Amino acid sequence: MSTLQITDLHVSVETEEGAKEILKGVTLTINSGETHAIMGPNGSGKSTLAYSIAGHPRYTVTSGTITLDGEDVLAMSVDERARAGLFLAMQYPVEVPGVTVSNFLRTAKTAVSGEAPKLRHWVKDMRGAMDNLRMDSSFAERNVNEGFSGGEKKRHEILQMELLEPKFAVLDETDSGLDVDALRVVSEGVNRAKEATGSGVLLITHYTRILRYITPDHVHVFVDGRIAEQGGPELADDLEANGYDRFVTAGA
Ligand SMILES: Nc1ncnc2c1ncn2[C@@H]1O[C@H](COP(=O)(O)OP(=O)(O)O)[C@@H](O)[C@H]1O
Ligand SMILES: [Mg+2]
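Keep in mind that this is a model prediction, so the values were computed, not measured.

**Side note on helix α5 (residues 150-164)**
For α5, built from 15 residues, the straight-helix expectation of 21 Å at 1.5 Å per residue is met to within 8% by its first-to-last C-alpha distance of 21 Å. A positive backbone phi angle near 50 degrees is found at E165, which sits one or two residues after α5.

Shown next, in the form of structure tokens:
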């Protein structure tokens, strides 16, 4: 059992007018096997939280801590975080021209696990995972995210999660831009990966519809860089019916 613990996290970004505080004291504990949904309006700092966990250099942690099984995550480089078992599915995945999906995945798997996967097993695992995500096998030879549709990019993010088997996966709006069928396929991928490895999942979303496929154990409402309210799955139903207005007004 692993625990990812975020305590009173404050994060700033450098802007033209100087440093701007985006996260204003976030406290959150996730254990293996748990799914936590972070829901909130646009601009509330959800992606900033995701990037801060992953170690994006643009975001400066001014105070607070992030630990993984007691180890100081903030002291780790981005690749050390990945090796420690943290994974981020990005809201806007980046293109990597000249690097094929197949090469990228195998390199990432080798870096994360510390040894190259046996080729025969690897090809089988990759094909199996791609089949499950309804990705044509020709994707393996395409350049990472180059010319991918929105839905294909999101499938590729979950393909990484399935193959890299992280301890904790942060999924930043993996549902955005997906039609109903793709949403189901991607959600099933997340559930499969979770079941296979017992990962903890931090599911960041603006909309409640993905929560019909991935049931959260805990729901956190994120407003203006803070958690404004927490509850169980019923809180998502409340948000579905009533939106974020009462939290935004209360936070303002
Ligand atoms: N690099 C940046 N420079 C300036 N402002 C930023 C930067 N990154 C994020 N912000 C601001 O921080 C706030 C939170 O952004 P973000 O974390 O992307 O929110 P969310 O993912 O909830 O929509 C927004 O007001 C956004 O404009
Ligand atoms: Mg975002």
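**Let's talk about the sheet that holds strand β10 (residues 200-205)**
Read from one edge of the open sheet, six strands run β6-β9-β10-β3-β11-β12, paired in mixed fashion. Both edges of this open sheet fall to β6 (86-89) and β12 (226-231), since each of them pairs with a single strand only. Direction aside, neighbouring strands of the sheet carry axes that sit 20 degrees apart on average. Across the face of the sheet, α5 comes into contact with β6, β9 (168-172) and β10 while running at roughly 165 degrees to β6.

**Things to note about the packing of helix α3 (residues 101-113) against helix α4 (residues 119-132)**
At a closest axis distance of 12 Å, the pairing of α3 and α4 adopts a crossing angle of 120 degrees. What the angle tells us is that α3 and α4 run oblique. For α3 against α4, the interelement crossing comes out right-handed. Of the residues in α4, those in contact with S102, L105, R106 and K109 of α3 are L119, W122 and M126. Looking at the contact of α3 with α4 residue by residue, the class counts come to four nonpolar, one polar and two charged.

**What about the packing of α3 against α5?**
Contact geometry for α3 and α5: axes closest at 10 Å, N-to-C directions at 35 degrees. Our pair here, α3 against α5, has a crossing hand that is right-handed. Packed against α3, whose contacting residues are V101, F104, L105, A108, K109 and V112, the element α5 presents H156, L159, Q160, L163 and L164 at the interface.

**Some remarks on the pattern of salt bridges**
Counting across every chain of the model gives 10 salt bridges. In this structure, R184 and E188 form a salt bridge, with 3.4 Å as the shortest nitrogen-oxygen distance. A residue pair is termed a helical-turn pair when its members lie 3 or 4 positions apart in one helix, as R184 and E188 do in helix α6 (residues 180-197) at four residues. By relative accessible area, R184 is classed as partly exposed at 31%. On the basis of relative accessibility, which here comes to 31%, the residue E188 falls in the partly exposed class. Each of D181, R184 and E188 takes part in one network of salt bridges that share partners.

**Some details on the site of ligand 1**
Residues in contact with ligand 1 amount to 14 residues; listed here are only the nearest, I22, G43, K46, S47 and T48. Between ligand 1 and S44, the relevant distance is 3.2 Å, taken from an oxygen atom to a main-chain nitrogen or oxygen of the residue. One of the backbone nitrogen or oxygen atoms of S47 is found 2.9 Å away from an oxygen atom of ligand 1. In isolation ligand 1 exposes 560 Å². Once the protein is present, 69% of that is buried. Contributions of two or more residues to the shell around ligand 1 are made by β1 (3-15), β2 (18-31) and α1 (46-54). Take the shell around ligand 1: its biggest share by element is three residues, from α1. In the shell around ligand 1, the residues fall into four nonpolar, seven polar and three charged.

**Observations concerning the UniProt feature "domain: ABC transporter" (unreviewed entry) in the protein**
The sites that carry the UniProt feature "domain: ABC transporter" (unreviewed entry) are, in the present numbering, residues 4-249. Counted over residues 4-249, helix gives 37% and strand 31%. Its end C-alpha atoms are 30 Å apart.

**Looking at the coordination of the magnesium ion (ligand 2)**
S47 (OG) and Q91 (OE1) make up the full set of protein donors to the magnesium ion (ligand 2), lying at 2.1 to 2.2 Å. Linking S47 in helix α1 with Q91 in the loop between β6 and β7 (96-100), this pair joins segments that are 44 residues apart in sequence.

**Quick look at the pairing of β6**
Neither face of β6 is left uncovered, since the one carrying L86 and L88 and the one carrying F87 and A89 both have all their residues buried. By the bridge criterion, four bridges tie β6 to β9 in an arrangement that is parallel. What sits directly across from L86, in β9, is F168.

**So, the packing of aromatic side chains**
Within this structure, the stated rule accounts for two aromatic pairs. Centre to centre, the rings of Y51 and Y59 are 5.4 Å apart; their planes meet at 15 degrees, and the pair counts as stacked. Under the relative-accessibility criterion, Y51 is labelled buried at 18%. With centroids separated by 5.0 Å and ring planes inclined at 85 degrees, the aromatic side chains of F139 and F148 adopt a geometry described as edge-to-face.

Rules used throughout
- Residues numbered from 1 in each chain as written.
- Chains lettered and ligands numbered in written order.
- Predicted model: local features only at pLDDT ≥ 70, side-chain atom pairs only at ≥ 80, totals over all residues.
- Heavy atoms only, no water.
- Helix = DSSP H or I, 4+ residues; strand = E, 2+ residues; numbered from the N terminus.
- Expected span 1.5 Å × (residues − 1).
- Pairing = 2+ DSSP bridges.
- Axes fitted to C-alpha atoms, helices over the stretch in contact; angles between N-to-C directions.
- Contact = heavy atoms within 4.5 Å.
- Parallel < 35°, antiparallel > 145°, perpendicular 65-115°, else oblique.
- Left-handed = near helix turned anticlockwise from the far one by under 90°.
- Nonpolar A, V, L, I, M, F, W, Y, C, P; charged D, E, K, R; others polar.
- Salt bridge = Lys/Arg side-chain N within 4 Å of Asp/Glu carboxyl O.
- Buried < 20%, exposed > 50% of the residue type's maximum accessible area, 1.4 Å probe, protein only.
- Near = heavy atom within 4 Å.
- Polar contact = N/O pair within 3.5 Å; in protein donor to acceptor, adjacent residues only side chain to side chain.
- Areas by Shrake-Rupley, 256 points an atom, 1.4 Å probe, with all protein chains shown as cover.
- UniProt positions renumbered as here; feature names shortened; annotations may be inferred.
- Donors = N, O, S within 2.8 Å, 3.2 Å for Na, K, Ca; no water.
- Phe/Tyr/Trp six-rings, centres within 6.5 Å; stacked < 30°, edge-to-face > 60°.

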